[in-house]
Amino acid sequence: MPVATLLPFTATPNRKSASPTSFRLTEKFILLLVFSAFITLCFGAIFFLPDSSKLLSGVFFHSSAVETNTRTGPDSSDSGSAGNDERVLAKIRKDHEKALLEAKDTLQKRPDEIVKDIRNEKDELVKESVGQGGKDVNNLPFVEYRRPPGTTGHEPLDPETRERRAKIKEMMKHAWDSYRRYSWGSNELRPISKQGHSSNLFGSIKGATIVDALDTLYIMEMFEEFDAATEWVEKNLDFVVNAEVSVFEVNIRFVGGLLSAYYLSGKEVFRRKAVELGEKLLPAFKTPTGIPWALLNLKSGIGRNWPWASGGSSILAEYGTLHLEFMHLSKLSGNPEFAQKVMNIRKVLNRLDKPQGLYPNYLNPNSGQWGQHHVSVGGLGDSFYEYLLKAWLMSDKTDEEGKKMYYDALQAIETNLMRKSSGGLTYIAEWKGGLLEHKMGHLTCFAGGMIALGADGAPSDKTGHQMEQAAEIARTCHESYARTALKLGPEAFRFDGGVEAIATRQNEKYFILRPEVIETYMYMWRFTHDPKYREWGWEAVQALEQHCKVEGGYSGVRDVYSSTPNHDDVQQSFYLAETLKYLYLLFSDDDHLPFDHWVFNTEAHPLPVIKKDNTDRPNEVE
Ligand code: DMJ
């Protein structure tokens, strides 16, 4: 018998012509026989294989990965008693009987009826999750949308700048078109193998590149592409997934991307989706201290931390990089819980002693105590400092607590971490229990832009000093690019063993299209209008075009010191969200997303300043 005839959902040519109700008696009989044999086999396994009931309960009722890493509550006691086994077996038996009946039922149905049933079940699931504590995001309070100023720019007067800006838009088009052509709907693009790529940071949420790129498309006035992306979000962006995600990554890319898209375009779908996703992240805060877990299963609401993080700690740059988005979520949903959660993080931090005034990267969410005393302004620490400053700026300079925490932390960083090499390059080292590691990460290079952004608000005698620091960091990071064969920066560079601003370890020589150095050029340009920042940005554009552009998009490279690039075959979503956006803004006038009306989240998604007198007017020109 051909296999196709055994597959009830496969439309074979002769099945099309049969009547809709139509399985012949013999077919039904055979199918029933197959099902009964299968069920008998399952029961055989349950009763005769050694300890099979435990095996089954493990497979069907728990995710072992999650279980081993979460705290146990009163209802998670050992369920291995004989009585329990009986109940479990009875339940399995009942479930199987039900499944058999349903399968028989399904066999009577037409394919379109089956599709309808699946849709209904999905809707039910959504309703259920709303009933289980999620709010009904279709009933958000009315919010009057006012477009903040500068959502789109205008052509720069100077012809060279105009041309360069147009070139960046062309790069965005290539990155976007390639993604659309080869991996539409996946999280990221593999530009060499021309297929989709997904990192486990997003669980089974899809479309990271689409959501991350929405605002860049809008800002560059690529409206046809923006509309296609919007349509995808409306129809396909789905958070009803049984998967574990990184709370930080999902927040900065998805929540941040959706919020920006809402504030730029005014389209309600983005507000709705942002709030829906925000609600799904709230269970991450269910810890004794309210310091959230790093990882969260969006369906079960069970969280845990990265297994490698010092004694089950949460990470400073992760729990400390929720503030901007969560404040906006409260504003757009009318639900104060988001703001309360992030304000509580501040409270916990303010109660703790800080070694030398520094914030260690690891904090245990159960005990509320620091883990290892590692401090970094790069990976694991970076955007925590950024969000303190930006929380103050985004609050229209009313958040005095955020302001104080930022300037105090910066002072401690200057005293303990900032050093000058013998060749005169200022760098920010890493601190490990009091000892300095003279290494600076590509990620740390964002600090030039951050310090420049904060310089104006610093106590008056410090403004000039901080601008100088920012300029020096920008210069050091530029050197880290200039001293390579490809003129692209390594992941980390060192100031020891006789080298300055050079990577010495093979596993620190890669470049993955990161934005931080260009981000700093953009801020430095806005604050100084020194043409060298545009020149440095242009050098990066040429290197990207020469070494990272491939027929199928843009790819990272494995070794920036080797003159023949070895591509890593990933077009990171932050390349479209950040690198290309910051480049575009570097060659745009200052009134495009002006800093007194917008702050950028750590993924470069612009969020409007929440004006204290509520007088943020729509831009008359737009
Ligand atoms: C981005 O996702 C964000 O900028 C984050 O803060 C750090 N890393 C990447 C880009 O390098």
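For the structure itself, look to the data block above.
All values derive from a computational prediction rather than experimental measurement. (Residues numbered from 1 in each chain as written. Predicted model: local features only at pLDDT ≥ 70, side-chain atom pairs only at ≥ 80, totals over all residues. Heavy atoms only, no water.)

(A) Structural context of the state of the cysteines. Per the counting criterion, the structure on display carries one disulfide. Covalent S-S linkage joins Cys445 and Cys477, the inter-sulfur distance amounting to 2.1 Å. Its S-S torsion of approximately -95° makes the covalent link between Cys445 and Cys477 left-handed. Of this pair, Cys445 sits in the loop between β13 (439-441) and α18 (446-455) while Cys477 sits in helix α19 (residues 463-482), placing them 32 residues apart in sequence. Here Cys445 and Cys477 have matching classes, each one buried. (Disulfide = S-S within 2.5 Å. Helix = DSSP H or I, 4+ residues; strand = E, 2+ residues; numbered from the N terminus. Buried < 20%, exposed > 50% of the residue type's maximum accessible area, 1.4 Å probe, protein only.)

(B) Representation of the nonpolar core. Ile205 and Val233 are the most contacted members of the largest nonpolar core, which totals 152 residues. Ranked by residue count, the leading element in this core is helix α11 (residues 247-265), at 12 residues. In this structure, Ala294, Leu295, Trp306 and Ile315 belong to the second largest nonpolar core, which totals six residues. (Core = buried A, V, L, I, M, F, W, Y, C linked by side-chain atoms within 4.5 Å.)

(C) Local environment of the layout of surface pockets. Roughly 860 Å³ of internal volume is contained in the second largest pocket. Phe248, Glu249, Arg253, Leu443 and Arg514 are, among the 35 residues lining the second largest pocket, the residues nearest its centre. Mapped by element, the contributors of at least two residues to the lining of the second largest pocket are α11, α13 (316-319), α16 (382-394), α20 (516-528) and α22 (573-586). A per-element tally of the lining of the second largest pocket places α11 first, with four residues. Split by residue class, the lining of the second largest pocket holds 16 nonpolar, seven polar and 12 charged. (1 Å grid on protein atoms, 1.4 Å probe; cavity = no way out; pocket = protein on both sides within 12 Å on 5 of 7 lines; lining within 4 Å. Points joined across faces, edges and corners; volume = space filled by probe spheres on them. Nonpolar A, V, L, I, M, F, W, Y, C, P; charged D, E, K, R; others polar.)

(D) Structural detail: the site of the ligand. The ligand sits among Ile252, Arg253, Leu443, Arg514, Pro515, Glu516, Phe574, Glu578, Thr602 and Glu603. Contact distances for the ligand include 2.8 Å between an oxygen atom and a backbone N or O atom of Thr602. Protein chains shield 91% of the accessible area of the ligand, which is 290 Å² for the free molecule. A majority-of-atoms criterion places the ligand in the second largest pocket. Elements supplying a minimum of two residues to the shell around the ligand: α11 and α22. Along the lines of polarity and charge, the residues of the shell around the ligand split into four nonpolar, one polar and five charged. (Near = heavy atom within 4 Å. Polar contact = N/O pair within 3.5 Å; in protein donor to acceptor, adjacent residues only side chain to side chain. Areas by Shrake-Rupley, 256 points an atom, 1.4 Å probe, with all protein chains shown as cover. Sits in = over half its atoms within 2 Å of the grid points.)

(E) Structural view of empty space enclosed by the protein. Across all of its chains, the model carries four cavities of 30 Å³ or more by this definition. Space inside the largest cavity adds up to approximately 120 Å³. Gly320, His323, Ile345, Arg346 and Leu388 are the residues nearest the centre of the largest cavity, which is lined by 13 residues in total. Elements with a contribution of two residues or more to the lining of the largest cavity: α15 (337-351) and α16. By residue class, the composition of the lining of the largest cavity is 10 nonpolar, two polar and one charged. Its volume calculated, the second largest cavity comes out at about 60 Å³. Every residue along the wall of the second largest cavity is listed here: Val247, Phe248, Pro292, Trp293, Ala294, Ser314, Ile315, Glu318, Tyr319 and Leu322.

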